[in-house]
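The lines below spell out each chain.
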Amino acid sequence: MRILVTGGAGFIGSNVVDGYVAAGHEVAVVDDLSAGSPANVSRRARLHQVDVRSGDIDAVVAAERPDVISHHAAQVNVRRSVEEPMLDAEVNVLGSLNVLEAASRHNVRRVIFASTGGAIYGEMESGTAADEGHPCRPQSPYAVAKLAVEHYLEGYRAGGLETVVLRYANVYGPRQDPHGEAGVVAIFIQRILGGLNPVIFGDGEQVRDFVYVDDVVRANVGALTVPAGEPVVLNIGTGHGTSVNALWRALATVAQPGVSPYHEPARAGDILRSVLDPARARALLGWSPAVTLEDGLRRTWAWFVANADTDREREGAPT
Ligand SMILES: NC(=O)c1ccc[n+]([C@@H]2O[C@H](COP(=O)([O-])OP(=O)(O)OC[C@H]3O[C@@H](n4cnc5c(N)ncnc54)[C@H](O)[C@@H]3O)[C@@H](O)[C@H]2O)c1
């Protein structure tokens, strides 16, 4: 298959590219490199440094003639979306529409969209995991934009485009950017490696669903061929909640840190509980998460340790 991955130089997108290349597909990448890095991109994929908002997207899609577009490019910082909602909408709504318009002009068969379960469902009741029928209560411009694109996709589907929406939980693993505000695992690891005490906001009992990136990649491989006659919207999470305190303890077992976390006041608007029920993905894709939190943390820690020097060089910090 010919596949175009937008955001393919970023954390999840580049891992998805690797998964598609390994499965024998011909892969091209669109990324403006605002957050991603060419070093993340498989040598067997062509990289187009193009902004998803630009008119050049049309020429890339015309030249690559993909069967499938996997749309991962996004402004991913929730807090920034609150501060700069126009920018967030330009990239996450208008940029996505630009990609969808090019897809329909050039007879792309299927679009896979990286959406978010964590942000669009909003607060969940204690003890529960949200299935795809959970009410959507987006609380940030980022979440509103993701949900809006899901709705736009329904329109394109009616026009003949096959669409698969993957609503990710909290994804972690190699290549996650520790400098942003998302990605608590990467941030904790970066702090440990720098000998700095990590911050836990609030009491640390807020619960998240941490899913390892290789499992997310397998879901993206399954999404290439899942029958899509009906709308396909799938949670990609583990169904298990882990508090931030418990995450720290699990990571400490792996990393044996010489630092310990300190608490700062909870951030306004932070969700207390977010856990996704993956039953539908199991039924439709035969997908279930294969990597335990302990194993995923071990692999992620090993990757960050092995790449720590590169990271320091990128930051321009003394080595
Ligand atoms: N990381 C998570 O836990 C998580 C959870 C839910 C959904 N998602 C979604 O998954 C996707 C990938 O997220 P990620 O965590 O890998 O983030 P990331 O920042 O590593 O990847 C996003 C990529 O998009 C690129 N990009 C940003 N703006 C662009 C633009 N205007 N034009 C072209 N490229 C642009 C960036 O350079 C980057 O490489 C995003 O759509 C995100 O919303 C991520």
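For the structure itself, consult the block above.
Draft legend 1. Inspection of the site of the ligand at higher detail. The immediate surroundings of the ligand are formed by 29 residues, with Phe11, Ile12, Asp31, Tyr142 and Lys146 found nearest. Contact distances for the ligand include 2.9 Å between an oxygen atom and a backbone N or O atom of Ala35. Within the contact set of the ligand, an oxygen atom lies 2.8 Å away from a side-chain nitrogen or oxygen of Lys146. Protein contacts shield 91% of the accessible area of the ligand, which totals 830 Å² for the unbound molecule. Elements with a contribution of two residues or more to the shell around the ligand: α1 (11-22), β5 (110-116), α6 (141-158) and β7 (170-172). A per-class count over the shell around the ligand returns 16 nonpolar, eight polar and five charged.

Draft legend 2. Local environment of the sheet that holds β5. Read across the open sheet, the seven strands follow the order β3-β2-β1-β4-β5-β6-β11; overall the sheet is parallel. A strand with exactly one partner marks an edge of an open sheet, and here the two such strands are β3 (46-48) and β11 (232-236). Adjacent strand axes in the sheet meet at a mean angle of 20° when their direction is disregarded. Where β5 meets strand β6 (residues 162-168), seven bridges bridge the pair, whose relative direction is parallel. Looking at the pairing, Thr116 lines up with Tyr168 of β6. Across the sheet, helix α2 (residues 56-64) is in contact with β1 (2-6), β2 (26-30), β3 and β4 (68-71); its angle to β1 comes to roughly 155°. Its contacts with the sheet put helix α4 (residues 85-105) on β1, β4 and β5, and the angle it makes with β4 is roughly 175°.

Draft legend 3. Spatial organisation of the packing of aromatic side chains. For the coordinates displayed, the defined rule picks out three aromatic pairs. Centroid distance Tyr172 to Tyr212: 5.5 Å. Interplanar angle 65°. Geometry classified as edge-to-face. Pair noted here: Tyr172 is in strand β7 and Tyr212 is in strand β10 (residues 210-212), with a separation of 40 residues, a long-range link. A relative accessible area of 3% places Tyr212 in the buried class.

Draft legend 4. Region of the structure containing α6. If you check α6, its first and last C-alpha atoms are 26 Å apart, about what 18 residues at 1.5 Å a residue would give, namely 26 Å. Residues Tyr142, Ala143, Ala145, Lys146, Leu147, Val149, Glu150, Leu153 and Tyr156 constitute the buried set of α6. For α6, the secondary structure elements touched by its buried residues are α3 (78-83), α4, β5, α5 (117-120), β6 and β11. Gly160 lies just past α6 and shows a positive phi near 110°.

Definitions and limits used
Residues numbered from 1 in each chain as written. Predicted model: local features only at pLDDT ≥ 70, side-chain atom pairs only at ≥ 80, totals over all residues. Heavy atoms only, no water. Near = heavy atom within 4 Å. Polar contact = N/O pair within 3.5 Å; in protein donor to acceptor, adjacent residues only side chain to side chain. Areas by Shrake-Rupley, 256 points an atom, 1.4 Å probe, with all protein chains shown as cover. Helix = DSSP H or I, 4+ residues; strand = E, 2+ residues; numbered from the N terminus. Nonpolar A, V, L, I, M, F, W, Y, C, P; charged D, E, K, R; others polar. Pairing = 2+ DSSP bridges. Axes fitted to C-alpha atoms, helices over the stretch in contact; angles between N-to-C directions. Contact = heavy atoms within 4.5 Å. Phe/Tyr/Trp six-rings, centres within 6.5 Å; stacked < 30°, edge-to-face > 60°. Buried < 20%, exposed > 50% of the residue type's maximum accessible area, 1.4 Å probe, protein only. Expected span 1.5 Å × (residues − 1).

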